[in-house]
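Residues per chain, in single letters:
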Amino acid sequence: ADHDAANGDLKLAIGDTVHVVDDSGDVGKLPDLAVVGDTVHIVYQDAGLQQLKYATGAPGAWDISVVDTAPYTGADTALYVEAGAPKVVYFQGRENDMKHATLADGAWSSRMLLTEGAVGFHNEVIQLDGQSYVGCYDYTSRSVRFAKLD
């Protein structure tokens, strides 16, 4: 998945074919994706509205929803699927915090995960022995921070 800056679209390349996933505004910045079976999951920033969006499905059949509408949201996303539920860790720029969102029963819920310092940059999620963890860069302390995800 990648952002087509000239057109402001989110596109997905599969082999030699490029598919438009979302073309509603200036969308597709800072994407991350996961593929589970035949289903593609993509999180990305809607730069025009400064919100985080989610697309799932397959070429020609995308379901798109908004994860978080907070201003300056959606940078440095890290998407993962746990027990069949898509989850995402991302940067919330208004407060310089890391947020964590989960899709359950068709609705996204989010919460602050790390709030001390300027955290949530360069997020990476790993899963180890059935447990998920996130690592990120903290610009305030100039160090790497880790947190257990639940």
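Since we're looking at a predicted model, the values are computed, not measured. (Residues numbered from 1 in each chain as written. Predicted model: local features only at pLDDT ≥ 70, side-chain atom pairs only at ≥ 80, totals over all residues. Heavy atoms only, no water.)

Caption draft 1: Highlighting the sheet that holds strand 11 (residues 107–114). If you trace the four strands from one edge of the open sheet to the other, you get 8-9-10-11, paired in antiparallel fashion. Of all the strands in the sheet, the pair left with one neighbour each is strand 8 (73–82) and strand 11. For this sheet, the mean angle separating the axes of adjacent strands, direction not counted, is 25 degrees. For strand 8 and strand 9 (residues 85–92), the ladder comprises seven bridges, and the chain directions are antiparallel. When the sheet's bridge partners are listed, T73 is paired in strand 9 with Q92. (Pairing = 2+ DSSP bridges. Helix = DSSP H or I, 4+ residues; strand = E, 2+ residues; numbered from the N terminus. Axes fitted to C-alpha atoms, helices over the stretch in contact; angles between N-to-C directions.)

Caption draft 2: Inspection of the packing of aromatic side chains at higher detail. Throughout the structure, instances matching the rule amount to two aromatic pairs. Residues Y54 and W108 carry aromatic rings whose centres are separated by 5.1 Å and whose planes lie at 75 degrees to one another, so their mutual orientation is edge-to-face. On the criterion of sequence distance, the pair formed by Y54 in strand 6 (residues 51–58) and W108 in strand 11 is long-range, its members being 54 residues apart. Residue Y54 is classed as buried on the basis of its relative accessible area, which comes to 3%. Centre to centre, the rings of Y137 and Y139 are 4.6 Å apart; their planes meet at 85 degrees, and the pair counts as edge-to-face. Residue Y137 is classed as partly exposed on the basis of its relative accessible area of 24%. When its relative accessible area of 42% is taken as the criterion, Y139 is described as partly exposed. (Phe/Tyr/Trp six-rings, centres within 6.5 Å; stacked < 30°, edge-to-face > 60°. Buried < 20%, exposed > 50% of the residue type's maximum accessible area, 1.4 Å probe, protein only.)

Caption draft 3: Representation of the pairing of strand 4 (residues 27–36) within the structure. By the bridge criterion, seven bridges tie strand 4 to strand 5 (residues 39–46) in an arrangement that is antiparallel. In the sheet register, V36 faces strand 5, and the bridge partner there is T39. Between the antiparallel neighbours strand 4 and strand 5 lie two residues, among them G37 with a positive phi of about 65 degrees.

Caption draft 4: Main features of the pattern of salt bridges. Using the criterion set out here, one finds four salt bridges in the structure. Residue D138 is joined to R145 by a salt bridge in which the shortest nitrogen-to-oxygen separation is 3.0 Å. (Salt bridge = Lys/Arg side-chain N within 4 Å of Asp/Glu carboxyl O.)

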